[in-house]
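Secondary and tertiary structure notes
Here's the letter readout for the chains.
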Amino acid sequence: MGRFIVVVLVLLAVALLANRYLVGQGDAPPATTSAADGAGDRAASDSDAAAVRPAADDESAGEAKPPVTPGEKAAAEAVASANVATDLQQQATVEPKLAAAEDAQVTGEDISQMLPTETVMLGDPALTAGIPGEGDLTDEQIDAWLADPKNHIVLKPELPLGLKAGEAEIQGLDANPLTRAKIELGRQLYFDPRLSSDVTISCASCHNPEKGYAFDTRFGIGVGGQEGGRNTPTAYNRILSGAQFWDGRAASLEEQAKGPIANPIEMSNTHEACVACLKGIPGYVKQFDKIFDDGLTIDNVAKAIASFERVIVTGPAPWDYYQELKSFETAYAADVEDLDALKEEDPDLYAEYNRLKEAAAQHPLSESAARGGELFFSDKAGCTACHLGANFTDEKYHNLGVGMDAEKPDLGRFEVTQQDADRGAFKTPTVRNVAQTAPYMHDGSQATLEEVVEWYAQGGHPNQWLSEKIKKLELSDQDKADLVAFMKEGLTGDLPKVNAGRLLPDAEAAKEASEKALEEAGVN
């Protein structure tokens, strides 16, 4: 479509200039802009645009040239701009369609460059609902989905209330832009156990949507019931996080997505066998070929999964509505004292105040939770020494003393950096929706939020590398109860509705391909 428009623009420019030449009002049109040359090329090159530029624009010309007509100028500008893919405009009443996936010659990455971007609000269930329909996905449904250009438009995400303050911290989109097609492919992969060696473990097996995208066992459990050595961290709000895992050993969400596939305890697969398995599923091959220039590779598997995970964010929580109303009342304290006068003098401000009051009333916060929120941000509790920002985490690593009394403690970040200061240090988790992600700490040793608060109140477990931020706290029983209420009530928002079904068939063929690849690789 893009190439057709470019050719039309080139021919228009040639026609205008040829007309001028034939009536004796200018020089002969350049031979480089003939229809034969233009029809087979991607678009007029920069040199083509220069060739159709009238000589009067060249200050080095030795003689005066006739003035440029508006039509000629428009044609030349059209040819010059035709190389800019984002100049392509679609009529509002026209729904563009591409050829069927097997016939189209352009991939999703090229399509994305040709179309304008679209702003979307993360948390919108339309982003995670999957390809419309019921039951297993079919080739016809996938073809129709891939043929719709809107599914290849690059999405510019906005974050919901609460997280919105952290939009400047969004990670990873420069290297891996979001599109609906990529998110949907990632959704399918996230819930597909065929990524594992025995077709039993998917990403969702440990990062379960029903359990806060974590799991309620102390340690992660993989293929054959094998148990890992760390608690499963949550997979939501990862769009605001760079390095991944408790020890930050993965530099990006894409790198993290590849790790469990080849981990002998988790999915117990190899990257080669995983790719071979997926290539045994025609629907996956079709999507990868359409979305990525280089088709189905392990890196593109990771890009798709990471794209899905980036749109899983926590929605506004009661504390967010409470704070929004409180901030308004502080900023307009004099105005809200006389609401009748405010209504008459500034009806818009009055309406905004009522909107905030209604939103807060619909997401109530108990007195205990409100006190806990104030305490959370106070020096008395000191929680924001680590749990700060829109996502309530500094994304840094601290030794809290957890597990340091073991004979051979897990040294966490030290294993990555080999720096003594990082011994026993683990990444600060978010406390948004934390009530859904028990048990707690990197080793899952604390079953409840009450235990977590008590651990901090006692100053952690003393050791040589204990963080200077960990100190004994003078908290009453009511203080502790209020902090727990704040985390349980105040910081729990809705998670996006996700369709965990709607996967591709051919499970047996894929399993056979995976087993064959494992056998050839010498993996039992």
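No experiment lies behind these values; they were computed from the predicted model shown.

**Topic: the packing of helix α6 (residues 139-147) against helix α11 (residues 282-291)**
Between two packed helices, the angle of one axis relative to the other and the distance separating the axes together describe the packing. Where α6 contacts α11, the two axes come as close as 10 Å, and the packing angle between them is 10 degrees. As summarised for this structure, α6 and α11 are arranged roughly parallel, according to the angle between their axes. Contact with α6, carried on its side by Asp 139, Ile 142, Asp 143 and Leu 146, involves Gly 283, Lys 286, Gln 287, Lys 290 and Ile 291 of α11 and no other residues of that element. Classifying every residue of the contact of α6 with α11 by side-chain character gives three nonpolar, two polar and four charged.

**Quick word on helix α20 (residues 477-490)**
The periodicity of an α-helix, 3.6 residues per turn, causes residues three or four places apart in sequence to face the same way. A rise of 1.5 Å per residue sets the reference length of α20, with its 14 residues, at 20 Å; its end C-alpha atoms lie 19 Å apart and thus fit the reference within 8%. Every buried residue belonging to α20 is among Asp 479, Lys 480, Asp 482, Leu 483, Val 484, Ala 485, Phe 486, Met 487 and Gly 490, and all of these are buried.

**Observations regarding the pattern of salt bridges**
Following the criterion strictly, the structure yields 21 salt bridges and no others. For Asp 216, the salt bridge identified is with Lys 211, shortest N-O distance 3.0 Å. For Lys 211, a relative accessible area of 26% gives the class partly exposed. The residue Asp 299 makes a salt bridge to Lys 258 at a minimum N-O spacing of 2.9 Å. One end of the pair, Asp 299, is in helix α12 (residues 298-310); the other, Lys 258, is in helix α9 (residues 253-262), and 41 residues separate them in sequence. Judged by relative accessible area, which is 41%, Asp 299 ranks as partly exposed. Overlapping salt bridges bring together Arg 230, Asp 247, Arg 249 and Asp 410 as one network.

What counts, and where the lines are drawn
- Residues numbered from 1 in each chain as written.
- Predicted model: local features only at pLDDT ≥ 70, side-chain atom pairs only at ≥ 80, totals over all residues.
- Heavy atoms only, no water.
- Axes fitted to C-alpha atoms, helices over the stretch in contact; angles between N-to-C directions.
- Helix = DSSP H or I, 4+ residues; strand = E, 2+ residues; numbered from the N terminus.
- Parallel < 35°, antiparallel > 145°, perpendicular 65-115°, else oblique.
- Contact = heavy atoms within 4.5 Å.
- Nonpolar A, V, L, I, M, F, W, Y, C, P; charged D, E, K, R; others polar.
- Expected span 1.5 Å × (residues − 1).
- Buried < 20%, exposed > 50% of the residue type's maximum accessible area, 1.4 Å probe, protein only.
- Salt bridge = Lys/Arg side-chain N within 4 Å of Asp/Glu carboxyl O.

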